[in-house]
Amino acid sequence: MRLLVAYLVASTVLAVSGGIVFERQLRDGLVMSMDTALQARAGEIAQVVPEAGTELNFQDEPERLTTSRAAFAQIFAPSGELVEASEATGRRPLLNAAELATARRSAGCLTRRLNGEAVRLRAEPVARPTGKWTIVVGGSLEPSQSAISRVRRDLLAAVAGLVLLGAAGVWLLAGAALRPVERMRLAAEDVHVRDPASRLEVPATRDEIARLGRTFNDLLARLQEAMRRQRRFVAEAGHELRSPLAVLQAELELAAKPGRSRTEMAAAVHNAAEESRRLSRLADNLLLLAQSDEGVPLARPQRLPLAPVLSGAVDAMTRRACRRAVGLQVDAPTGITADIDPDRLRQALDNLLDNALRATPQGGDVIVRARRQDGRILIEVLDSGPGFPEGFLPSAFERFRRADDTRPRDGAGAGLGLAIVQAVAEAHEGRAEAANQPAGAGAVVRIVLPR
């Protein structure tokens, strides 16, 4: 309807404007044609103006001054006296004194009303030895005005017909163009994002409507994938929370039983505290990943040297590494600086070192290394364990994904460590990578940062 109204307004304005211009051009053309005819008549009448004396004789050429209503003439002597006139005009001068004076200087045309109708006049001076005569010829504009009126009526009829036909065409074309959109809208009302097979029907027209349908289907697929991941995330988070909550509840129930010794009470409280810390870490990790999904900035980078951050993470794990008889080394040149958030980077390094210490057998080594490569900065954590299973690497950074039992672990985590490493790397406008070292030398996880 809006397209139709816009078309009607625009086409009406254009048609009326064009009609006005055409009518004006037609009127000007008719007047110009009449002026040319009057000029020719004035030239014919000028031939009978005497070279000497003031007597005019039209007995031999009476057609010079026609007596019809459509054409007439008057002749003024040099004194300004009307000496000859067509019967249609009578003896009343067509020009007043001022107009007659102007006509004696130069020829000109003007329009006025005579006996109730519009006429066109041409006044033209004729120089003779006896002085300047003035010839006034004229004709009725009635035929021209009648023609213009007929043209105006025909234009109005044609414009009305064209506008109505165009409006019908616009209505039909707009309806045909928007009908697929309405079908898609109705289909979209029945689409359920929980149904992975729900899609809009895309017309085989290869036009804007078809591209819109494909775009909607792509959007729907992304929404369905996001909901699938969200449902999986919630389900797996709930599953991870059940275990520590169950252990915590059991420990507290055991501690509450009568007859427990002080040692047993202390052990139960210690175990409950461990499970509480595990729950706290899991909640923090889930909150961080949720903020990452919502686009909340996780990092506030500042230009800092990398070596102190890496050394701090290694120092915090030294006691645990000693208990497991695992060597822990840092290889970070002091000259390397980067735009980093030290707290977030430390969080990622803690997760990587925790995984590496779990996977490395006694007598093995874990190395934390920083280096420059191809204009980027690489932070790597290498262990000497069995490495990642090959089937695990493509999904290593997915949430709640764990390597299988061929990679030994003591106290398996929730499977969020590498996902957090990836989130921290992306917050620094970098990326995370996981791979195995050559010849089964162990696993390597790296954080790639821009220079």
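Everything discussed here concerns the structure shown above.
Everything quoted here is computed from the prediction, not taken from an experiment.

### Regarding the overall build of the protein
Point 1. Looking only at helices and strands, one finds eight helices and twelve strands in the protein.
Point 2. Here the C-alpha atoms of the protein give a radius of gyration of 51 Å, more than 25% beyond the 22 Å that 2.2 N^0.38 yields for 451 residues.
Point 3. Taken over the C-alpha atoms alone, the protein extends approximately 155 × 55 × 45 Å along its principal axes.
Point 4. Every one of the 451 residues in the protein was classed for burial, and the buried ones make up 36%.
Point 5. Working note: accessible area of the protein is about 26,100 Å², and carbon and sulfur atoms make up 55% of it.

### Some points on the environment of Pro361
Point 1. By the secondary structure assignment, Pro361 is in the loop between α7 (342–359) and β9 (365–373).
Point 2. Considering only alpha carbons, one finds Pro361 and Phe216, 145 residues apart in sequence, at a separation of 52 Å.

### A few points about the sheet that holds strand β7 (residues 327–331)
By way of backbone hydrogen bonds, the strands of a sheet pair with one another, either parallel or antiparallel.
Point 1. Judged by pairing direction, the sheet is mixed, and its five strands sit side by side in the order β7-β9-β10-β12-β11 without closing on themselves. This sheet does not close on itself; its edge strands, each paired only once, are β7 and β11 (431–436). Adjacent strand axes in the sheet meet at a mean angle of 15° when their direction is disregarded.
Point 2. With seven bridges joining them, strand β10 (residues 376–383) and strand β12 (residues 443–450) adopt antiparallel strand pairing. Residue pairing for β12: Glu380 is matched across the bridge by Arg446.
Point 3. Running over the sheet, α7 touches β7, β9, β10 and β12 and is turned about 30° from β10.
Point 4. Most of the contacts of helix α8 (residues 417–427) go to β11, to which it runs at about 140°, and overall it touches β11 and β12.

### Here we look at the pairing of β11
Point 1. In terms of strand pairing, β11 meets β12 through six bridges, oriented antiparallel. Looking across to β12, one finds that Ala434 is bridged to Val445.
Point 2. Between β11 and β12, which pair antiparallel one after the other, the connecting turn spans six residues, and Ala439 there sits at a positive phi close to 60°.

### Overview of the sheet that holds strand β2 (residues 82–85)
Point 1. Pairing in this open sheet of five strands is antiparallel, and the strands run β2-β1-β5-β4-β3 from one edge to the other. The sheet is open, and its two borders are formed by β2 and β3 (108–114), each paired with just one other strand. The sheet shows a mean angle of 25° between the axes of neighbouring strands, direction not considered.

### Some details on the nonpolar core
Point 1. Within the largest apolar cluster, 53 residues are counted, with the highest numbers of intra-cluster contacts made by Leu306, Leu353 and Ile447.
Point 2. Residue contributions to this core peak at eight residues, all from helix α6 (residues 306–323).
Point 3. Contacts of Leu306, omitting those with residues within four sequence positions, involve Ile336, Ala338, Ile340, Leu345, Ala370, Ile377 and Ile379.
Point 4. Formed by 16 residues, the second largest nonpolar core is a distinct cluster that contains Val49, Ile75, Val126 and Ile135.

### Examining unusual backbone geometry
Point 1. In this structure, Asp374 takes a positive phi of about 55° despite not being glycine.
Point 2. Note that Asp374 resides in the loop between β9 and β10.
Point 3. The phi dihedral of Glu429 is positive, around 60°, even though this residue is not glycine.
Point 4. When you line up the elements, Glu429 lands in the loop between α8 and β11.

What counts and what doesn't
Residues numbered from 1 in each chain as written. Predicted model: local features only at pLDDT ≥ 70, side-chain atom pairs only at ≥ 80, totals over all residues. Heavy atoms only, no water. Helix = DSSP H or I, 4+ residues; strand = E, 2+ residues; numbered from the N terminus. Rg over C-alpha atoms; globule rule 2.2 N^0.38 Å. Buried < 20%, exposed > 50% of the residue type's maximum accessible area, 1.4 Å probe, protein only. Areas by Shrake-Rupley, 256 points an atom, 1.4 Å probe, with all protein chains shown as cover. Pairing = 2+ DSSP bridges. Axes fitted to C-alpha atoms, helices over the stretch in contact; angles between N-to-C directions. Contact = heavy atoms within 4.5 Å. Core = buried A, V, L, I, M, F, W, Y, C linked by side-chain atoms within 4.5 Å.

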